[in-house]
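# Topology and contacts: notes
The primary structure of each chain is shown beneath.
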Amino acid sequence: QVQLVESGGGLVQAGGSLRLSCAASGRTFSNYAMGWFRQAPGKEREFVAAISLKGSRTYYADSVKGRFTVSRDNAKNTMYLQMNGLKPEDTAVYSCAAAPGYYSGSSDARRYEYWGQGTQLTVSS
């Protein structure tokens, strides 16, 4: 089992920045590929970003490419999502998720075994 807890969400103005964190506990964090997903009200969950086991490879949805940066610190069992240039359409509940290493980089939520409870990001215009 891997327990995931997100933090760092909140209310920010358009154009602002925020960093989300995802703290992991349980099994060895570095054995898992990690991802960020988001879900806005009335919409389906969508892929945001993913990172490989050691953090050497990162993957992004086109909608956030160039604005968001995913990273991880395996010594701290934590993954981050730095979000810059925020837009109102980024408003959503952001969740982190863990997948077996062979699914590294996957944008398919079904590949991820463990999920956090989510943290709300609201971007005002």
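Below you will find a few notes about this structure. (Residues numbered from 1 in each chain as written. Predicted model: local features only at pLDDT ≥ 70, side-chain atom pairs only at ≥ 80, totals over all residues. Heavy atoms only, no water.)

### Some thoughts on the state of the cysteines
Following the criterion strictly, the structure yields one disulfide and no others. Linked covalently through their sulfurs, Cys22 and Cys96 form a disulfide whose S-S length is 2.1 Å. Between Cys22 and Cys96, the disulfide has an S-S torsion of 70° and is therefore right-handed. Of this pair, Cys22 sits in strand E3 (residues 18–26) while Cys96 sits in strand E9 (residues 92–100), placing them 74 residues apart in sequence. With respect to class, Cys22 is no different from Cys96; both count as buried. (Disulfide = S-S within 2.5 Å. Helix = DSSP H or I, 4+ residues; strand = E, 2+ residues; numbered from the N terminus. Buried < 20%, exposed > 50% of the residue type's maximum accessible area, 1.4 Å probe, protein only.)

### Things to note about the environment of Phe47
Along the chain, the position of Phe47 falls in strand E5 (residues 46–51). Residue class for Phe47 comes out buried when judged on its relative accessible area of 14%. Sequence separation between Phe47 and Asp62 is 15 residues; the distance between their C-alpha atoms is 9.8 Å. Leave out the neighbours within four places in its chain, and Phe47 touches Trp36, Phe37, Tyr59, Tyr60, Ala61, Ser106 and Ser107. (Contact = heavy atoms within 4.5 Å.)

### Description of the pairing of strand E7 (residues 68–73)
The side-chain alternation of E7 yields one buried face, formed by Phe68, Val70 and Arg72, and one unburied face, formed by Thr69, Ser71 and Asp73. Counted between consecutive antiparallel strands, the loop separating E7 from strand E8 (residues 78–83) contains four residues, among which Asn77 sits at a positive phi close to 55°. (Pairing = 2+ DSSP bridges.)

### A word on the pattern of salt bridges
The final tally for this structure, using the stated rule, is six salt bridges. Salt-bridge contacts for Arg38 lead to Asp90; the nearest nitrogen and oxygen are separated by 2.9 Å. Of this pair, Arg38 sits in strand E4 (residues 32–39) while Asp90 is found in the loop between E8 and E9, placing the two residues 52 residues apart along the sequence. Accessibility expressed as a relative area gives 5% for Arg38, which makes it buried. Across the pair Arg67 and Asp90 runs a salt bridge, and its minimum N-O distance is 2.7 Å. With Arg67 in the loop between strand E6 (58–60) and E7 and Asp90 in the loop between E8 and E9, the pair connects residues that are 23 residues apart, well separated along the chain. For Asp90, a relative accessible area of 0% translates into the label buried. Salt bridges linked by common partners bring Arg38, Glu46, Arg67 and Asp90 together as one network. (Salt bridge = Lys/Arg side-chain N within 4 Å of Asp/Glu carboxyl O.)

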